[in-house]
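So you can see what is in the structure, the chains are spelled out below.
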Amino acid sequence: MENQATGKRLNKYIADSGYCSRREADRLIQEGRVRLDGRVGALGDRVQPGMAVTVDGKPLSGEGEKVYILLNKPRGIVCTADPREPMNVVDYLGYPSRVFPVGRLDKDSEGLLLLTSDGGIVNRVLRAAGGHEKEYEVQIDRPVTPEFVRRMSEGVPILDTVTLPCRVRRTGERSFNIILVQGLNRQIRRMC
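On a predicted model such as this, the values are computed, not experimentally measured, just so you know.

> Can you help me understand the sheet that holds strand β14 (residues 175-180) in this one?
The strands making up a sheet associate through backbone hydrogen bonding, with each pair oriented either parallel or antiparallel. Spatially, the three strands line up as an open sheet ordered β10-β14-β13, and their pairing is antiparallel. Either end of the sheet is taken by a strand with one partner, and the two such strands are β10 (134-139) and β13 (167-172). For this sheet the average axis-to-axis angle between neighbouring strands, irrespective of direction, equals 20°. Strand direction decides the pairing type here: β13 and β14, joined by five bridges, are antiparallel. Bridge pairing links Gly-172 to Ser-175 in β14.

> What is the right way to read unusual backbone geometry from this model?
In terms of backbone geometry, most residues other than glycine have negative phi values and most peptide bonds are trans. Residue Asp-56 is not a glycine yet carries a positive backbone phi of 50°. Positive phi, close to 60°, is recorded for Asp-160, a residue that is not glycine. Relative to the helices and strands, Asp-160 is located in the loop between β11 (157-158) and β12 (161-162). In this structure Asp-160 comes out as exposed when scored by relative accessible area, which is 87%.

> Got a minute to help me understand the nonpolar core in this structure?
Side chains of a nonpolar character, in soluble globular proteins, are inclined to be buried together. Grouped together as the largest cluster of nonpolar side chains are 15 residues, with contacts concentrated most on Met-152, Val-168, Phe-176, Ile-178 and Met-191. In contact with Met-152, not counting residues within four places along its chain, are Cys-166, Val-168, Phe-176, Ile-178, Met-191 and Cys-192. Listed in part, the 14 residues of the second largest apolar core include Leu-10, Leu-28, Met-51 and Val-53.

> Help me understand the pattern of salt bridges in this model?
A side chain of one charge can pair with a side chain of the opposite charge when the charged atoms of the two come close. Applying the stated criterion to the full structure yields 15 salt bridges. Across the salt bridge formed by Arg-186 and Asp-106, the nearest N and O atoms sit 3.7 Å from each other. Of this pair, Arg-186 sits in the loop between β14 and α6 (187-191) while Asp-106 sits in the loop between β8 (100-102) and β9 (111-116), placing them 80 residues apart in sequence. Residue classification places Asp-106 among the buried residues on the basis of a relative accessible area of 15%. The salt bridge partner of Glu-147 is Arg-150, with a shortest N-O separation of 2.6 Å.

Criteria and cut-off values
- Residues numbered from 1 in each chain as written.
- Predicted model: local features only at pLDDT ≥ 70, side-chain atom pairs only at ≥ 80, totals over all residues.
- Heavy atoms only, no water.
- Pairing = 2+ DSSP bridges.
- Helix = DSSP H or I, 4+ residues; strand = E, 2+ residues; numbered from the N terminus.
- Axes fitted to C-alpha atoms, helices over the stretch in contact; angles between N-to-C directions.
- Buried < 20%, exposed > 50% of the residue type's maximum accessible area, 1.4 Å probe, protein only.
- Core = buried A, V, L, I, M, F, W, Y, C linked by side-chain atoms within 4.5 Å.
- Contact = heavy atoms within 4.5 Å.
- Salt bridge = Lys/Arg side-chain N within 4 Å of Asp/Glu carboxyl O.

Structure below.
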């Protein structure tokens, strides 16, 4: 048998086929519904080139169609694919194949959101080390002063860390533009 350290993990192979998420793939594997070259698959198995993978008898390719959707998310919609959340963005969008949000906007925020079936893009886009800029237009309930802009730009202590320096530009009496490379939970709200 080929070295198990090579190849793609079975749950990732299933997810990359567009069949379901990795977590759901793990459940299918545990339930014995996944076969790898005719034998029941196990958690941690790796798929080598040329191997056959099936779920409930349906063959998978390991490569589904990559979908990229830009959505102007309205307020009230939650950036999650979790079906237990009644106002989740995936159900709101109603796309016929599996997609999930890349990043998040708060439930009370609106704006451009990327949804995709390409799991590989998520870390490349979201990690601060990647240096990908995310731009926001923000309205707040107090005046945007030069001191506010300076302090926001230099970094603000939140969540047991200090945010990375960012670009901030006043756009109105109570509004500003901010460009971040970070994506901490509710970062802009906490920074304000």
